[in-house]
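Spelled out, the chains give:
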Amino acid sequence: METSAGHPPETPPHINSGEIFRQDNPQNDNDNSSPPQTTPEPAVSDYQPDDLPEPSEQEIPPSELPPPPTGNTPPQVKKRRRRKRFFTDMIPTSVSAAAVSGLRVLRPNPKPSTAYSYSETELATGDDLNKNQNRRRRISDLAKEVDLEALIAISVGFPVDSLTEEEIEANVVSEIGGVEQSNYIVVRNHILARWRSNVTVWLTKDHALESIRAEHKNLVHSAYTFLLQHGYINYGVAPAIKELKFKTPEGVPKGNVIVIGAGLSGLVAARQLISLGFKVVVLEGRGRPGGRVRSKKMSGGQNGVVAAADLGGSVLTGINGNPLGVLARQLGIPLHKVRDICPLYLPNGRTVNSDIDSKVEASFNKLLDRVCKLRQAMLDEVKSVDVSLGTALETFRHVYRVAEDPQEQMLLDWHLANLEYANASLMSNLSMAFWDQDDPYEMGGDHCFIPGGNERLIRALAEDIPIFYDRTVESVRYGTDGVLVYAGGQEYRGDMVLCTVPLGVLKRGNIEFVPDLPQRKKDAIERLGFGLLNKVAILFPYDFWGGEIDTFGHLNEDPNMRGEFFLFYSYSSVSGGPLLIALVAGEAAVKFEKMSPLESVGRVLEILKGIFSPKGIAVPDPLQAVCTRWGQDQFCCGSYSYVAIGASGDDYDILSESVGDRLFFAGEATNKQYPATMHGAFLSGMREAAHILRVADRKSISPAEKSNNFSQENIIVVDKFFETPDLKFGSFSVLYDPISTDLESNCLVRVALQGEKLLYLYSLIARRLVLELSKLEGDMSRIQMLTRDFGVKLVGWKNLSTAAGSLITSIESARSV
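Residues numbered from 1 in each chain as written. Predicted model: local features only at pLDDT ≥ 70, side-chain atom pairs only at ≥ 80, totals over all residues. Heavy atoms only, no water.

Undergrad: Whenever I open this one, the packing of helix α12 (residues 354-381) against helix α14 (residues 406-423) confuses me. Can you help?
TA: Two packed helices can be described by the angle between their axes and the distance between those axes. Contact geometry for α12 and α14: axes closest at 9 Å, N-to-C directions at 50°. Viewed along their axes, α12 and α14 adopt a mutual orientation that is oblique. For the pair α12 and α14, the crossing hand works out as right-handed. From α12, I356, D357, K359, V360, E361, F364, L367 and L368 reach across to α14, where they touch Q407, E408, L411, L412, H415, L416 and L419. (Axes fitted to C-alpha atoms, helices over the stretch in contact; angles between N-to-C directions. Helix = DSSP H or I, 4+ residues; strand = E, 2+ residues; numbered from the N terminus. Parallel < 35°, antiparallel > 145°, perpendicular 65-115°, else oblique. Left-handed = near helix turned anticlockwise from the far one by under 90°. Contact = heavy atoms within 4.5 Å.)

In structure tokens, the structure reads:
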């Protein structure tokens, strides 16, 4: 996670980061000469968790709102920057040299409209000194262009001088390493940067070929296809993009996909899958799209004051390379940079002394640095050891006698509350070893608000998508012939299913998976944390706190309640009205859900009164207030993921793994690089759409048959397996799950019934139940226990297919070894 109270990141040597994203001005997509709308460095007040859930919010009628408690120097302001790791040398000279040496890649006579507007004559070799100097100058300019495009690719998430795992799996080059790979990387970066320069139009392959040498046409095809299918180019909600994305593809559909959840990841995946030729249906338990992105219209007063409050995901954390920034540009939405001035106030309302503030901030950073050194030493010696980040920080605080003064202690607690906010959990729950494992991947650039709320993006993404609302999914059954999803009393059949529900829902076990999820995935779900952050949004008749800041903080005397309303966000500049949002993090966020909404709002007003009344500023009666209750929301059961003690970044990868090429997973908790963010959810949806396409192409999956039955070949294979069952008693034969010895793992049971002819019936039950059956005497007793006590039905082969498919696949794989 990203935290506040760090230093501004360094700019890579020889790269002017301010020029890199000059195309990213949402107000004018075609004017590349205009300055960027936001500053080049990621300098903002603090980290905003971006993928917060939709709350079970509680709105307080204006008539019941408590009045503000009764009771001039300007506050000292301090810029607060997020703590983050620095990018080192981002573009090795070998990348530029490999690309430009001999001009292997870029065509010497591109069209004047392209990014490389030099002629063949200018680059021709000759004896004339001026021509040689001209050539060297042009090559130098070309190297700068290549560096520029490489930095854009880095901001999107591509490595500097190697291929991603997805590119390797897609066979984008014939040989890993060497000249072809170097040329491919430059071509890929060029195509990506070219589309990013104008995201409102569809970039065709012919356009990409305009400035690339003809002999590299195969690389253009490879890079263009990869970027298109994986959602790096030609995505979004611009009219020209939507027209081509939703154009009915020729030929037979690639398959039917059921998407569970209409949050960011589900919507993005659905749009991409439709454009790739799949038939898609989205099942959403709520009555609206967006999931943990929730903008609520608030209003009140005689003058009809109106504002839009983001109760869930709110800030675009890092605009450089952020796909949500692309959507904003396409919609023509100007972004508001979150200003990094954040004054802090003591419990008595006085402004924190700037010298003490700076001292504690520096001490806090040193404590984190010491923890980083300690964990590195621990991991080098004993790789499996992990303790809580809170324990390590508190130990070092006592050893080095940090923040012993009461005011310093409150300041340190404020920074710790900010860290708990960034991770949606108590310090005592965070893994010291891996709590910040995503830091190296974070998006650069400013943090921004979207005026009018993030639901503007959600509404655009949900257009033209077949979404069935109020469909709470109870069960997902998957097998070799397809999937069955039960939701809202209805059955939905498909070829594949993409599950995008939050980690909190998976932890609660609200959805039944048949067969059960692999133990490896269940263990990852258990290890990863899913935390809590809550908000109080209050609409006032006017802005009494001033429009020159976007954030201010408040210190608490009780360390256990340090996260209670410790930070306020001002949305006056973007919401359309005078709106304040108070954040509740850490232990206070848990206790908050049990408090009365009136009590919560009264506490906020008391704090505001204590800050502004001594300055002669009256705090008016609020017009409307909303308190979130994310932990009580059945569709998310919390806010966003974090790395708990004993977990690691690898668990995000495990959570993203598909099961049996039928069941897929997306969402912020499946994205190791960008967890707990809106753009992380977005990118995971794109990732899984590409994954589903690869599986469909590899297996040539056709639409599921109406009966969803196993073929005769499958029956013959399974009959062969039952010739040597793992367990046999009476007429019962049992095949175990070969990849799990857990007593709850599924087994395939076959019962042989003698009549005029031999009849086989099947069932899928836990190994524990099989062992209980084996202890009984007589087949009739066993069948009675199976059906009456266990509630299991014995069915024919045709009705078993989707329930047992994955298990049979596992057995077949194990026995073929």
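Undergrad: Is there a simple way to explain the nonpolar core in this structure?
TA: As a rule of thumb, nonpolar side chains are buried together in soluble globular proteins. Residues Y184, I191, L264, F278 and F682 are the most contacted members of the largest nonpolar core, which totals 77 residues. With ten residues, helix α22 (residues 678-699) is the single largest residue contributor to this core. Excluding anything up to four places from it in sequence, L264 contacts G290, V293, L324, I458, L461, M678, A681 and F682. If you look at the next biggest cluster of nonpolar residues, it comprises 55 residues, including V315, A403, W414 and A676. (Core = buried A, V, L, I, M, F, W, Y, C linked by side-chain atoms within 4.5 Å. Buried < 20%, exposed > 50% of the residue type's maximum accessible area, 1.4 Å probe, protein only.)

Undergrad: Would you take a moment to explain the packing of aromatic side chains for this structure?
TA: To describe a pair of aromatic rings, you give the distance between the ring centres and the angle between the ring planes. A complete count under the given rule lists 22 aromatic pairs for this structure. Ring geometry for W195 and Y235: centres 5.0 Å apart, planes at 50°, overall tilted. Placement of the pair is W195 in helix α6 (residues 179-196) and Y235 in the loop between α8 (217-229) and α9 (239-245), with a sequence separation of 40 residues. As far as burial versus exposure is concerned, W195 and Y235 are alike and both buried. Arranged with centres 6.3 Å apart and planes meeting at 85°, the rings of F565 and F592 form a pair that is edge-to-face. With F565 in strand β18 (residues 564-570) and F592 in helix α19 (residues 586-592), the pair connects residues that are 27 residues apart, well separated along the chain. For F565, a relative accessible area of 0% corresponds to the buried category. Taking relative accessible area as the criterion, F592 reaches 1% and is therefore assigned buried. Here a set of aromatic residues connected by ring pairs shows up, and it is made of Y345, F540, F544, W545, F552, F568 and F612. The ring of Y736 carries the charged tip of R767 above its face, separated from the ring centre by 3.8 Å. (Phe/Tyr/Trp six-rings, centres within 6.5 Å; stacked < 30°, edge-to-face > 60°. Lys NZ or Arg CZ within 6 Å of the ring centre and 35° of its normal.)

Undergrad: Any chance you could explain the state of the cysteines here in plain terms?
TA: Disulfide: a covalent bond connecting the sulfur atoms of a pair of cysteines. Inspection of every chain in the model, using the stated rule, returns zero disulfides. Between C636, a free cysteine, and C637, which holds the nearest cysteine sulfur, the sulfur-to-sulfur gap is 6.4 Å. For C636, a relative accessible area of 0% puts it in the buried group. (Disulfide = S-S within 2.5 Å.)

Undergrad: Any chance you could explain empty space enclosed by the protein here in plain terms?
TA: Gaps between atoms show up when a probe of the same size as a water molecule is rolled over them. Quantified by volume, the second largest cavity comes out at close to 90 Å³. Taken together, Y235, G236, K245, F246, V268, R271, Q272, L461, F682 and M686 form the lining of the second largest cavity. Among the elements of the structure, α10 (264-275) and α22 are those that each provide at least two residues to the lining of the second largest cavity. Take the lining of the second largest cavity: its biggest share by element is three residues, from α10. (1 Å grid on protein atoms, 1.4 Å probe; cavity = no way out; pocket = protein on both sides within 12 Å on 5 of 7 lines; lining within 4 Å. Points joined across faces, edges and corners; volume = space filled by probe spheres on them.)

Undergrad: Would you explain the pairing of strand β11 (residues 482-487) in this entry?
TA: Moving residue by residue along a regular strand, the side chains alternate between the two faces of the sheet. Across the six residues of β11, five count as buried, placing the element largely inside the fold. Note: strand β10 (residues 473-479) against β11, six bridges, orientation antiparallel. The partner of G479 across the bridge, within β11, is G482. The turn joining β10 and β11, which pair antiparallel and follow one another in sequence, is formed by two residues. Across five bridges, the pairing between β11 and strand β12 (residues 490-494) is antiparallel. Along β12, the bridge assignment pairs Y486 with E491. A loop of two residues connects β11 with β12, the two strands running antiparallel in sequence, and G488 in this loop sits at a positive phi of about 55°. (Pairing = 2+ DSSP bridges.)

Undergrad: What exactly am I supposed to notice about the sheet that holds β12 here?
TA: Taken in spatial order, the four strands make up an open sheet running β12-β11-β10-β14, and their pairing is mixed. Edge positions in the sheet fall to β12 and β14 (512-514), since each of these pairs with one other strand and no more. Strand-to-strand twist across the sheet, computed as the mean angle between neighbouring axes with direction ignored, equals 15°.

Undergrad: For this particular structure, what's the right way to read the pattern of salt bridges?
TA: A side chain with one charge may pair with a side chain of the opposite charge, provided their charged atoms come close. With the rule as written, the count across this model stands at 33 salt bridges. Here R188 ties to E167 by a salt bridge, and the two come within 3.0 Å at their closest N and O atoms. A residue pair is termed long-range when its members are at least 10 positions apart, and R188 in helix α6 and E167 in helix α5 (residues 165-169) qualify at 21 residues. On the basis of relative accessible area, R188 is assigned to the buried category, the value being 0%. Looking at E167, the relative accessible area reads 0%, which means it is buried. Taken together, the shared-partner salt bridges in this structure form one network comprising D413, E420 and R562. (Salt bridge = Lys/Arg side-chain N within 4 Å of Asp/Glu carboxyl O.)

Undergrad: Explain the pairing of strand β25 (residues 746-753) here, please?
TA: The buried count for β25 comes to six of eight residues, which makes it a mostly enclosed element. Sheet topology places strand β24 (residues 732-735) next to β25; four bridges connect them, and they run antiparallel. Paired with S733 across the strands is R750, a residue of β25. Judged from the eight bridges that link them, β25 and strand β26 (residues 759-766) form a sheet pairing that is antiparallel. Bridged to R750 within β26 is Y762.

Undergrad: Can you help me understand the sheet that holds strand β3 (residues 279-283) in this one?
TA: Strand pairs in the sheet, formed through backbone hydrogen bonds, run parallel or antiparallel to each other. Strand order in this open sheet of five strands is β9-β3-β2-β13-β22, and the pairing throughout is parallel. If you trace the sheet from one side to the other, it starts and ends with β9 (467-468) and β22 (663-665), each paired once. The sheet strands contacting α10 are β2 (256-260), β3, β9 and β13 (496-499), and the helix crosses β3 at an angle near 165°. Packing against the sheet, α22 makes contact with β2, β13 and β22, and its axis sits at approximately 155° to β22.

Undergrad: Just to check I follow, could you spell out the packing of helix α11 (residues 323-331) against α22 for this structure?
TA: Across the interface, α11 lies against α22 with an axial gap of 8 Å and an inter-helix angle of 90°. Relative to α22, the element α11 lies roughly perpendicular. Taking contact as the criterion, the partners of P323, L324 and L327 in α11 are, on α22, M678, H679, F682 and L683. Among the residues forming the contact of α11 with α22, the class breakdown is six nonpolar, one polar and no charged. (Nonpolar A, V, L, I, M, F, W, Y, C, P; charged D, E, K, R; others polar.)

Undergrad: Help me understand the side chain of N189 in this model?
TA: For N189, the location among the structural elements is in helix α6. Looking at N189, the relative accessible area reads 3%, which means it is buried. Polar side-chain contacts of N189 include one of 2.7 Å to the side chain of R188. Those residues in contact with N189 that lie beyond four places of it in its chain are E149, A150 and A153. (Polar contact = N/O pair within 3.5 Å; in protein donor to acceptor, adjacent residues only side chain to side chain.)

Undergrad: Would you take a moment to explain helix α13 (residues 389-399) for this structure?
TA: Structural remark: α-helix, 3.6 residues per turn; residues separated by three or four positions point the same way. When we look at burial in α13, the residues that qualify are L389, G390, A392, L393, F396 and R397. For α13, the arc enclosing every buried residue in end-on projection is 165°, short of the 170-degree limit, so these residues lie on one face. The exposed set on the far side of α13, more than 90 degrees from its buried face, consists of H398 and V399. If you follow the buried residues of α13, they end up packed against α12 and α14. The positive-phi residue at the C-terminal boundary of α13 is R401, with phi of around 55°. (Arc of directions from axis to C-beta.)

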